[in-house]
Amino acid sequence: MFTKPFHYNLLYLLLLVAALLLPFYVPDAYIFQIVIMSFLFAIATSSMNLIIGFAGQASLAHGAFFGIGAYGVAIMTKAGLSFWLALPLAALISAGIGAVIGIPSLRTRGHYFAIVTLCFGVILWIVAGNWIQLTGGHNGIFGIPLPSSIPIPFLGEIDFYSQTAQYYLALTFLLLTLFVLHRLIYSMFGLTFMAMRNNEPLADAVGIDPFTTKLMAFVIANFIAGMAGGIYASIIGAVSPSAASHLMTFNFLIYVILGGIATLSGSVIGAFAIPIIMELLQFLGDYRMLIFGALLVVVIIYFPQGFVGGLRQLNQKVVAWRQPKQTEGANVSR
Amino acid sequence: MELLLQQIFNGIMFGSTYAIVALGLTLVMGILSIPNFAHGHLYMLGGYITFFFISATGLGFWLSMLLSVITLGLIGVLMERMVYRPLTDQPHINAFIAAIGALLFLEALALVVWGPQGLRIPNPYPQNIQFLGITMGLQRLLVIGGAAVLILCLHLFMKKTLMGTTIEAVAQNREGAMLNGINVNRVSAITFGISSATAAIAASFLSPIFMLSPSMGAILGMKAFIIVILGGMGSIPGAILGGYILGLIEALGGGYVSAAYKDVFAFGALIVILSFKPTGIFGKKEA
Amino acid sequence: MFLVKSLTKHFDGIIAVQDVTFTINQGEILAIIGPNGAGKSTVFNLMTGTITPTSGMVFMEKVRISGLPPNKVAVKGIARTFQTTSLFDQLRVIDNLLIGYKYRTRIGFWNTLLHTPAWKRYQTEAFMRAMEMLEFLGLADKAEYFIPALSQEEQKRLAIGIAMVSKPRILLLDEPTGGLIQEETDRITRLIERIRDQGTTVCIIEHKMQMIMGLADRIVVLNYGKKIAEGTPDEIKSNQAVIEAYLGGEVHV
Ligand SMILES: Nc1ncnc2c1ncn2[C@@H]1O[C@H](COP(=O)(O)OP(=O)(O)O)[C@@H](O)[C@H]1O
Ligand SMILES: [Mg+2]
């Protein structure tokens, strides 16, 4: 019922193999680091896509929840807790705070919800910059331990000192996230999220509680965002208020939109490609953001469905061109 | 007592700025229902352009300000035409993204042209006045007085001129206005121009007191947004009242509770109020 | 089985519905008619919890349902359509029906995440039911279509299908043939008769007199928010107040 054509599966398999082999052909440690980071951003971005793209609720606190996860892991691991315990705890805290914020704010709609979540994000950012005892203030927290090694009976252990190991850690979590999101979204459970985005009064009339449904999407999204932030803190080894700022949110949002809203692959492509493109444009200096800002406006006006949406349109055109008189309407949209 | 008066004075001064900036934003949000998130950045640009005319041409404060206001008005018209109008029929989130694109562009523009370091417009009125035991800078009084005059002018414009009433008509009923032969696109462009121009006025008044920096628009823009949402989108009295209240809350909260957390009061107030009244204090019921 | 008791609704200033009382009996087709703006849709919105009454109550099998939100009303077996055709127009036809069936299942977060046997069972059950509904609607070959590819009539059928897929006990239809031509109207009418024949109680708002006189068992007439008549089609046809409300025009079939 929700299956994809075979050639898609083949494409995904090829991508997976490419990802697994990536450490062998990545040119230098700097680029490698950016790739690892973009995987973590891809986790956060996919979950932002869940709440914004699929459930249609413009949460602008995603960076804040990423930050909660990052600070959570930083504080807990520095206090001696194992990363493997701190990570799920930090994600749960993120989800819990998400519920506390979601319960009042999901009563609002559209602009209002966007602005309430944005304000929450700003508050959190200010708190992160000023609560020196807990967060280290504007300097943030340094010397966060790497994820602790995983002992494997009889074989030794997996440690995370090398970039390659960190890369596979990030990749594992990314695949896990995509697997979970894919299951949730492409099922009747996920359809209720899309029903919220598409026609809330009708969903309400057919027995779906809008508030609970939206809250669920919000909490799940924030759990995953917190998890991404937690891994980020541990791998980078430091966290500062900028990790929780609205600029982080804007970045995620840009990845979601440019990659292709409401498509799982779009989020990954956006989060993966844009940071790398930005790096490649580093030589432009301050002009980089100038171009980027203008580009963002152009893309949203002319390609509002982003990269993946654009590809689909192209694909439909090709199909229509090859089979001029196919059953009418079968290929309409998406 | 002196401290209290001093805080109130500062609160009114900040409130004046907030009121003008929010006023401009509420005009475009009410009429175009566009979340012009880049409004704070237009304010920032207004400040820089005034600085540019003063420093590059040697023109006086008032003349530079006038040129800056005109420039920003034109930029506003351009922005409506190029950024927001093409997005009229798309989901709101797209206009929001476009706004983020615009604000990144404006911030980078200021960075490229004027650099990251803070700049200051020479204070045209550096004198101080002692009154009731508190010190009031003349320029600060100018901010307060200028804002009051501007608000009065805008009020007269909206109520007494044809253009003003047209804008109001479009805000209340876009389709109806269109059916009555009003060129809605032209009204939108003009409104955007006015909105940006008022931001330039606020920035010009305040820039002799506070440093200009490329990122100064971000938080201000958000605060204006909050005021507009709480005051009711498109509500002029809501924006003015909201602006002054926010200025006072911040000054008193910052003075008596915690300076570092002063912005938390504004943002926290919004969350609390919207939680209880999901459509704002003066907000209309959703249709 | 369904009781509307002294229902009143004020919208700031205007009284949209005033002291309206009627019952709907098991297995019948009850029509609500009246001129534009008479308050018919508002009555539906009050019956389904979309808006809350200023005063008065609504009961289903002696259980009070007024005051409940729409989704709580729906799970009591009360389904509705909207006057302006309301669909999930970004999704496929089949998805629309699956959403309509969702509350009948126990598909939640954990079930879906773990793909439990219960999840599989419900998912299959929903799918079977949706396909059955598509057959019933005559849309079986369009399961994978997106909504904009459907004709207006097909969209109206689907809207009824979304309401019916969960096997409600009562179906409320708000002008299901609005904007359709005679031929299409006849087909929808037959669909409604088949729904009634399956044992679902139907309450329908309509403008088209000829259609309603043939279809309804009983008719309630609203005018300016008040009930001015109630009875069988024949009684309504000869009712003086009704004829006046319609200026003596349309009622003569
Ligand atoms: N949400 C609302 N707010 C204000 N007035 C409303 C609302 N809904 C309906 N009305 C008014 O109530 C009256 C009855 O409307 P409605 O029930 O839609 O009539 P009908 O369906 O019989 O044509 C109309 O005057 C309409 O303008
Ligand atoms: Mg109606």
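Residues numbered from 1 in each chain as written. Chains lettered and ligands numbered in written order. Predicted model: local features only at pLDDT ≥ 70, side-chain atom pairs only at ≥ 80, totals over all residues. Heavy atoms only, no water.

1. Digging into the overall build of chain A
Check the secondary structure of chain A and you find 14 helices and two strands. Relative to the 2.2 N^0.38 estimate, which gives 20 Å for 334 residues, the radius of gyration of chain A is 20 Å and therefore close to what a compact globule would have. Taking the principal axes of the C-alpha coordinates as reference, chain A spans close to 65 × 50 × 50 Å. When the 334 residues of chain A are sorted by exposure, 54% land in the buried category. Long-range pairs, those at least 24 residues apart, make up 76% of the contacts in chain A with a sequence separation of at least 6. When the accessible surface of chain A is totalled, it reaches about 14100 Å², and 71% of it is carbon and sulfur. Computing the positive centroid from 13 side-chain charges and the negative centroid from 9, chain A places the two 12 Å apart. (Helix = DSSP H or I, 4+ residues; strand = E, 2+ residues; numbered from the N terminus. Rg over C-alpha atoms; globule rule 2.2 N^0.38 Å. Buried < 20%, exposed > 50% of the residue type's maximum accessible area, 1.4 Å probe, protein only. Contact = heavy atoms within 4.5 Å. Areas by Shrake-Rupley, 256 points an atom, 1.4 Å probe, with all protein chains shown as cover. Lys, Arg positive; Asp, Glu negative; His and termini not counted. Charge placed at Lys NZ, Arg CZ, Asp CG, Glu CD.)

2. Comments concerning the sheet that holds strand β9 (residues 218–223) of chain C
All names here are of chain C. What the six strands build is an open sheet, ordered β6-β7-β8-β3-β9-β10; its pairing is mixed. A single partner strand is all that each edge strand has here, and the edge strands are β6 (78–80) and β10 (226–231). Recorded for the sheet is a direction-independent mean angle of 15 degrees between the axes of neighbouring strands. As defined by bridge partners, strand β7 (residues 170–174) adjoins strand β8 (residues 201–205) across five bridges and the pair is classed as parallel. If you follow L173 over to β8, its bridge partner there is I204. Contacting β3 (29–33), β6, β7, β8 and β9, helix α1 (residues 40–47) runs over the sheet at an angle of about 150 degrees to β7. Those strands touched by helix α6 (residues 152–164) are β6 and β7, and its axis lies near 155 degrees from that of β7. (Pairing = 2+ DSSP bridges. Axes fitted to C-alpha atoms, helices over the stretch in contact; angles between N-to-C directions.)

3. Quick word on the coordination of the magnesium ion (ligand 2)
For the magnesium ion (ligand 2), the protein coordination sphere consists of C:S41 (OG) and C:Q83 (OE1), at 2.1 Å. Note that C:S41 is positioned in helix α1 and C:Q83 in the loop between β6 and α3 (93–101), a separation of 42 residues in sequence. (Donors = N, O, S within 2.8 Å, 3.2 Å for Na, K, Ca; no water.)

4. Some remarks on the packing of helix α3 (residues 62–78) of chain A against helix α4 (residues 83–105) of chain A
All names here are of chain A. Axis separation between α3 and α4 bottoms out at 8 Å; the angle between their running directions is 140 degrees. The crossing of α3 and α4 is right-handed. Residues F65, I68, G69, G72, V73, M76 and T77 of α3 form the contact with α4, whose own contacting residues are F83, A86, L87, L89, A90, I93, S94, I97 and G98. (Left-handed = near helix turned anticlockwise from the far one by under 90°.)

5. Notes on the site of ligand 1
Residue and element names in this part refer to chain C. Taken together, F11, I14, A16, P35, N36, G37, A38, G39, K40, S41 and T42 make up the full set of residues adjacent to ligand 1. Here an oxygen atom of ligand 1 and a backbone polar atom of G37 are 2.8 Å apart. Take K40: an N or O atom from its main chain is 2.8 Å from an oxygen atom of ligand 1. If ligand 1 stood free it would expose 560 Å²; the protein chains cover 61% of that surface. (Near = heavy atom within 4 Å. Polar contact = N/O pair within 3.5 Å; in protein donor to acceptor, adjacent residues only side chain to side chain.)

6. Digging into empty space enclosed by the protein
In the structure shown here, the tally under the stated rule is three cavities of 30 Å³ or more. Roughly 80 Å³ of volume is contained in the largest cavity. Along its surface, the largest cavity is lined by 13 residues, and A:A205, A:V206, C:A79, C:A163 and C:S166 are the ones closest to its centre. Those elements giving two or more residues to the lining of the largest cavity turn out to be β6 and α6 of chain C. It is β6(C) that provides the largest number of residues to the lining of the largest cavity, a total of three residues. Per-class residue counts for the lining of the largest cavity are nine nonpolar, three polar and one charged. (1 Å grid on protein atoms, 1.4 Å probe; cavity = no way out; pocket = protein on both sides within 12 Å on 5 of 7 lines; lining within 4 Å. Points joined across faces, edges and corners; volume = space filled by probe spheres on them. Nonpolar A, V, L, I, M, F, W, Y, C, P; charged D, E, K, R; others polar.)

7. So, the environment of B:I151
Residues and elements named next belong to chain B. Checked against the element boundaries, I151 lands in helix α5 (residues 138–160). Between the C-alpha atom of I151 and that of M79, which follows or precedes it by 72 residues, the distance is 24 Å. When near neighbours in sequence (up to four residues on either side) are disregarded, I151 contacts A19, L23, I240 and Y244.

8. Considerations on the environment of A:F39
Position of A:F39 relative to the elements: it lies in helix α2 (residues 29–54). Residue classification places A:F39 among the buried positions, given a relative accessible area of 6%.

9. Considerations on the interface of chain C and chain A
Each partner contributes to the interface: chain C provides 37 residues, whereas chain A provides 33 residues. With both sides pooled, the region where chain C packs onto chain A buries about 3100 Å², and carbon together with sulfur makes up 68% of that total. At the boundary of chain C with chain A, the tally comes to one salt bridge. Measuring nitrogen to oxygen at the nearest pair gives 4.0 Å for the salt bridge that ties A:D209 to C:K72. Counting the contacts that link chain C with chain A gives eight residue pairs in polar contact (both at pLDDT 80 or more). Secondary structure elements with two or more residues in the side of chain C that touches chain A: α2 (70–74), α3, α4 (109–114) and α5 (117–137) of chain C. Considered class by class, the residues forming the side of chain C that touches chain A number 22 nonpolar, nine polar and six charged. (Buried area = accessible area lost by both parts, 1.4 Å probe. Salt bridge = Lys/Arg side-chain N within 4 Å of Asp/Glu carboxyl O.)

10. With respect to the pattern of salt bridges
All names here are of chain C. Per the counting criterion, the structure on display carries 19 salt bridges over all chains. Put simply, R218 and E230 hold a salt bridge, and the shortest N to O gap is 2.7 Å. Taken together, the residues span a long stretch of sequence, with R218 in strand β9 and E230 in strand β10 at a distance of 12 residues. Exposure remark for R218: the relative accessible area of 16% places this residue in the buried category. Because the salt bridges share partners, they merge into one network encompassing E28, R218, K227 and E230.

11. Digging into the sheet that holds strand β5 (residues 63–64) of chain C
Residue and element names in this part refer to chain C. Spatial ordering of the open sheet is given by β2-β1-β4-β5, a layout of four strands whose pairing is antiparallel. The two strands at the open ends of the sheet, each matched to only one other strand, are β2 (14–24) and β5. When strand β1 (residues 2–11) meets strand β4 (residues 55–60), the two strands line up antiparallel, connected through five bridges. Bridge assignment links T8 to a residue of β4, and that residue is S55. Strands in contact with α1 are β1, β2 and β4; relative to β2, the strand with the most contacts, it is inclined by about 65 degrees.

12. A look at the pairing of β10(C)
All names here are of chain C. Judged from the five bridges that link them, β9 and β10 form a sheet pairing that is antiparallel. Residue pairing across strands places I219 opposite G231, the latter belonging to β10. Where β9 hands over to β10, the hairpin turn is made up of two residues, of which Y224 adopts a positive phi near 45 degrees.

13. Observations regarding the nonpolar core
In this structure, B:F37, C:L158 and C:I204 are the most contacted members of the largest nonpolar core, which totals 265 residues. Considering each element in turn, this core owes the most residues, 15 residues, to α2(A). Both of domain 1 (1–77 + 168–253) and domain 2 (85–167) of chain C provide at least three residues apiece to this core. With sequence-adjacent residues up to four places away left out, C:I204 is seen in contact with C:I29, C:L30, C:A31, C:I32, C:L173, C:P176, C:I192, C:M211, C:I212 and C:L215. By size, the runner-up hydrophobic cluster in this structure holds 27 residues, among which are C:F2, C:F22, C:I24 and C:M47. (Core = buried A, V, L, I, M, F, W, Y, C linked by side-chain atoms within 4.5 Å. Domains from an automatic or database assignment.)

Everything listed here is a matter of coordinates, which is why it stays silent on function.
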